[in-house]
Amino acid sequence: MIKMTMLLKRNPDIDHAAFVRHHRETHGPLFRSIPEAETHVLRYIQTHPTDGDFPVPLADFDGTAEIWFDSPEGMRAVLGSETYEQKVFPDEKTFLDHENTLILVGAQTEIIEERG
């Protein structure tokens, strides 16, 4: 399993609310429509900042996307797919600032198991 974590910066031509709305309502479903994702994506979550008094310094990002792939080859299959290249990636250019978005790819180590 391989995980891609993206710290997202919005396109400066749109406001934060429009970014969040597009990320949730348009981009998420568009990514889900990639046929190869059905086979190779184990999980995909989005996180967007929330207001509150938190005991940590907050980074200046508009959101995150975390995608778990079954393997590096699966990641390549999804991100190299026709749907990603022709629909999803062009959509990213409408709401993301690619130059200031950070991407980390690596193996995940679970420290505390999911409770519930």
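Residues numbered from 1 in each chain as written. Predicted model: local features only at pLDDT ≥ 70, side-chain atom pairs only at ≥ 80, totals over all residues. Heavy atoms only, no water.

Student: So what's going on with the packing of aromatic side chains? Residues and values would help.
Tutor: Overall, the coordinates contain three aromatic pairs when judged by the stated rule. For the pair Phe19 and Phe95, a centre-to-centre distance of 5.5 Å together with 40° between the ring planes defines the contact as tilted. One end of the pair, Phe19, is in helix H1 (residues 16–32); the other, Phe95, is in helix H4 (residues 82–95), and 76 residues separate them in sequence. Owing to a relative accessible area of 1%, Phe95 belongs among the buried residues under this scheme. Residues Tyr84 and Phe89 carry aromatic rings whose centres are separated by 6.1 Å and whose planes lie at 45° to one another, so their mutual orientation is tilted. (Phe/Tyr/Trp six-rings, centres within 6.5 Å; stacked < 30°, edge-to-face > 60°. Helix = DSSP H or I, 4+ residues; strand = E, 2+ residues; numbered from the N terminus. Buried < 20%, exposed > 50% of the residue type's maximum accessible area, 1.4 Å probe, protein only.)

Student: Any chance you could break down the side chain of Asp62 for me, citing the residues and the numbers?
Tutor: Mapped onto the fold, Asp62 is located in the loop between strand S2 (41–47) and strand S3 (63–69). The class for Asp62 is buried, based on a relative accessible area of 9%. Looking at Asp62, its side chain comes within polar contact range of the main-chain nitrogen of Arg10, at 2.9 Å. Once residues lying within four places of it in the same chain are set aside, the contact partners of Asp62 are Leu8, Lys9, Arg10, His16, Phe19, His48 and Pro49. (Polar contact = N/O pair within 3.5 Å; in protein donor to acceptor, adjacent residues only side chain to side chain. Contact = heavy atoms within 4.5 Å.)

Student: Describe the nonpolar core, naming the residues involved and giving the relevant values.
Tutor: In terms of nonpolar packing, the biggest core is built from 19 residues, with Phe31, Ile34, Val41, Ile67 and Phe69 touching the most fellow members. Of all elements in the fold, only strand S1 (2–8), H1, S3, helix H3 (72–79) and H4 reach the threshold of two or more residues within this core. By residue number, the principal contributor to this core is S1, which donates four residues. Setting aside residues up to four positions removed in sequence, Phe31 forms contacts with Ala37, Val41, Tyr44, Ile67, Val78, Leu79 and Val88. (Core = buried A, V, L, I, M, F, W, Y, C linked by side-chain atoms within 4.5 Å.)

Student: I'd love a proper account of the environment of Lys9, names of residues and values included.
Tutor: Relative to the helices and strands, Lys9 is located in the loop between S1 and H1. When residues no more than four places from it in sequence are discounted, the contact partners of Lys9 are Asp60, Phe61, Asp62, Phe95, Leu96, Asp97, Asn100 and Thr101.

Student: Describe the sheet that holds strand S4 (residues 102–106), and please don't skip the residues or the numbers.
Tutor: Spatially, S2-S3-S1-S4 is the arrangement adopted by the four strands of the open sheet, whose pairing is antiparallel. Of all strands in the sheet, those with a lone pairing partner are S2 and S4, marking the two edges. Taking each pair of neighbouring strands and ignoring which way they run, the sheet shows an average axis angle of 10°. Relative to S3, S2 runs antiparallel, the two sharing six bridges. Bridge pairing in S3 places Tyr44 opposite Ile67. Sitting on the sheet, H1 touches S1, S2 and S3, and the angle it makes with S2 is about 170°. Strand contacts of H3: S1, S2, S3 and S4, with the helix running at about 50° to S1, the strand carrying the most contacts. (Pairing = 2+ DSSP bridges. Axes fitted to C-alpha atoms, helices over the stretch in contact; angles between N-to-C directions.)

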